[in-house]
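Descriptive structure summary
These are the residues of each chain, in order.
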Amino acid sequence: MLSQISSSMDKSILLPIKKKILLVEDEVLFARAVVKRLQKAGFECEHAESLHDARLLVKQFEPDIVLLDMRLPDGNGLDLLSDFVAKNINTIVMTAFGDVTDAVNAIKLGAIDYLKKPIDLEELLLIIQKNEKTTDLQTSLDYSRQRDTLANESVQLIGESAAMQSVRQQITRIAQLSGLSDAVQPTVLITGETGTGKDVVARYLHASCVNHDKPFVHVDCASLPAELIESELFGNEKGAFTNAVTSRPGLIESAEDGTLFLDEIGELPLGLQAKLLNVLERRMVRRLGSNKERPVHARIIAATNRDLYQMSNEGRFRSDLYYRLNVITMQMPPLRDRGQDVMLLANYFRQMTEKRYALPHHEFSPTALIAIQQYRWPGNVREMRHQISRAVLMCTQPVISELDLGLPQVGHQSASPSASNEAQLTLDDAEKAMLLNALEQARNNVSKAARILGITRMTMRYRMDKHGISV
């Protein structure tokens, strides 16, 4: 398995000129963490908890960048956005997980980017840095900039199972092909269940090839808003549509001489699949509103957790695009089939979390080790990373117990998918009941309910969205 190492990110984030950032966010604990991290990276920061306070601070502080929450106690962040744009203040909006309506409206009003909560601080720093370096601040949105990482970012494959050894061998062979000539490199399709690490294999493949110093552009096809998807992929000329005030390249052009990674390719609308096929076949791209074609010199890697062959038979995915993508296929194994890799990964995520948050060393208790080994990990590596990280962060003792892991009891698990779904359903129901109970005690005050549960309001909002709870 795979995981990214961002140990060098702090050095790459530091900027030569100290910039002023205003954070408009009413969740105090989250705001403190953001301000602390930004100050460490060399920024001068101020924090406002409401629209009223933000209006005052903009005049006094004169920020270069504003990080703007969409939901504030005295109104919607969009009410302030036009003022910031008029003052030429670069604004990055923050919106609830899974809800891009406000974000799309914000982009139309002039925001340079958006982030979906919960927000990773290193990801936020990367977005700020890239916005500082580009002259066309509308070049890409959250899903492109958060995944379009620095080309020299390290990746690591963790695991000694036969399945992972096979993955390594395939990567080595593909890397050898990339150095044979200047010919167009074959398309690679990575398949596997959700959470198995397809995106990190793509990064590892890029880092192993001769063009490793060129851009790696990660396009999450499932996250592209329908209103913006075509212009984001193919770019546009000035005046191609309303609010297209400048010409700009799309994400495909941005991968010039490097790697274009099309994640969740099965989610791409049928209408755009023909245009993508043309790019793969002819290695040419045409921006919206333009008659000129531009060459595409990039390795193409796609990934999916869907059965594209079946989708093509059902008419939900173009069969010609499927066959064009399916030149070289790599199958990522689920975590349950990787034997002792499970413990290697568990210890790796424990160590990485301790290092990242400067926490003391922990050990897993014997019962925790058994639970980790016997749990089927339906969410695969991604689920393990989240569960182990949460356990390390919340555990106040040197030994992480089975209860700290928060996994379903091993004795209640079944190898059948139906039994697994029932266990998951029970956990979800319990979590939803806890949220509703806390909200009832707090009389629907989200901040107070979060304090009752011992979590941040941002986390509370995320959990509420997950379970469809509104107040």
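Residues numbered from 1 in each chain as written. Predicted model: local features only at pLDDT ≥ 70, side-chain atom pairs only at ≥ 80, totals over all residues. Heavy atoms only, no water.

**Some thoughts on the sheet that holds strand β10 (residues 188–191)**
- The strand order across the open sheet built from five strands is β11-β12-β15-β10-β16, with neighbouring strands paired in parallel fashion. Each edge of the sheet is formed by a strand with only one pairing partner; in this case those strands are β11 (216–220) and β16 (328–331). Here the average twist between neighbouring strands, direction ignored, is 20°.
- As paired strands, β10 and strand β15 (residues 299–304) are joined by four bridges and run parallel to one another. From the neighbouring strand, L189 faces β15, where its bridge partner is A302. (Pairing = 2+ DSSP bridges. Helix = DSSP H or I, 4+ residues; strand = E, 2+ residues; numbered from the N terminus. Axes fitted to C-alpha atoms, helices over the stretch in contact; angles between N-to-C directions.)

**A closer look at the side chain of H362**
- Mapped onto the fold, H362 is located in the loop between α15 (341–356) and β17 (363–364).
- Judged by its relative accessible area of 3%, H362 falls in the buried class.
- Setting aside its immediate chain neighbours within four residues, H362 contacts R350, E354, V392, C395, Q397, P398 and I400. (Buried < 20%, exposed > 50% of the residue type's maximum accessible area, 1.4 Å probe, protein only. Contact = heavy atoms within 4.5 Å.)

**Topic: helix α8 (residues 162–178)**
- Here α8 is 17 residues long and its end C-alpha atoms lie 25 Å apart, about the 24 Å a rise of 1.5 Å per residue gives.
- Within α8 the residues assigned to the buried category are M164, V167, R168, I171, I174, A175 and S178. Seen from one end, α8 has its buried residues packed into an arc of 130°, which puts them on one side. Exposed side of α8, more than 90 degrees from the buried face: A162 and Q169 are the residues found there. (Expected span 1.5 Å × (residues − 1). Arc of directions from axis to C-beta.)

**Observations regarding the nonpolar core**
- Counting 31 residues, the largest nonpolar core has V219, L233, L260, L262, I265, L268 and F317 as the members making the most contacts within it.
- Per element, the largest residue contribution to this core is five residues, and it comes from helix α12 (residues 270–282).
- Core analysis: the next-biggest nonpolar cluster, separate from the first, contains 23 residues, A368, A371, I372 and C395 among them. (Core = buried A, V, L, I, M, F, W, Y, C linked by side-chain atoms within 4.5 Å.)

**So, the packing of aromatic side chains**
- In the structure shown here, the tally under the stated rule is five aromatic pairs.
- Measuring from ring centre to ring centre gives 6.1 Å for Y309 and Y322, while their planes differ by 55°; the resulting arrangement is tilted. With Y309 in helix α13 (residues 308–313) and Y322 in helix α14 (residues 319–325), this residue pair connects regions lying 13 residues apart in the sequence.
- Given a relative accessible area of 12%, Y322 falls into the buried group.
- Between Y375 and W377, the ring centres sit 4.7 Å apart and the planes meet at 75°, which makes this aromatic pair edge-to-face. The two residues Y375 and W377 agree in class, both being buried. (Phe/Tyr/Trp six-rings, centres within 6.5 Å; stacked < 30°, edge-to-face > 60°.)

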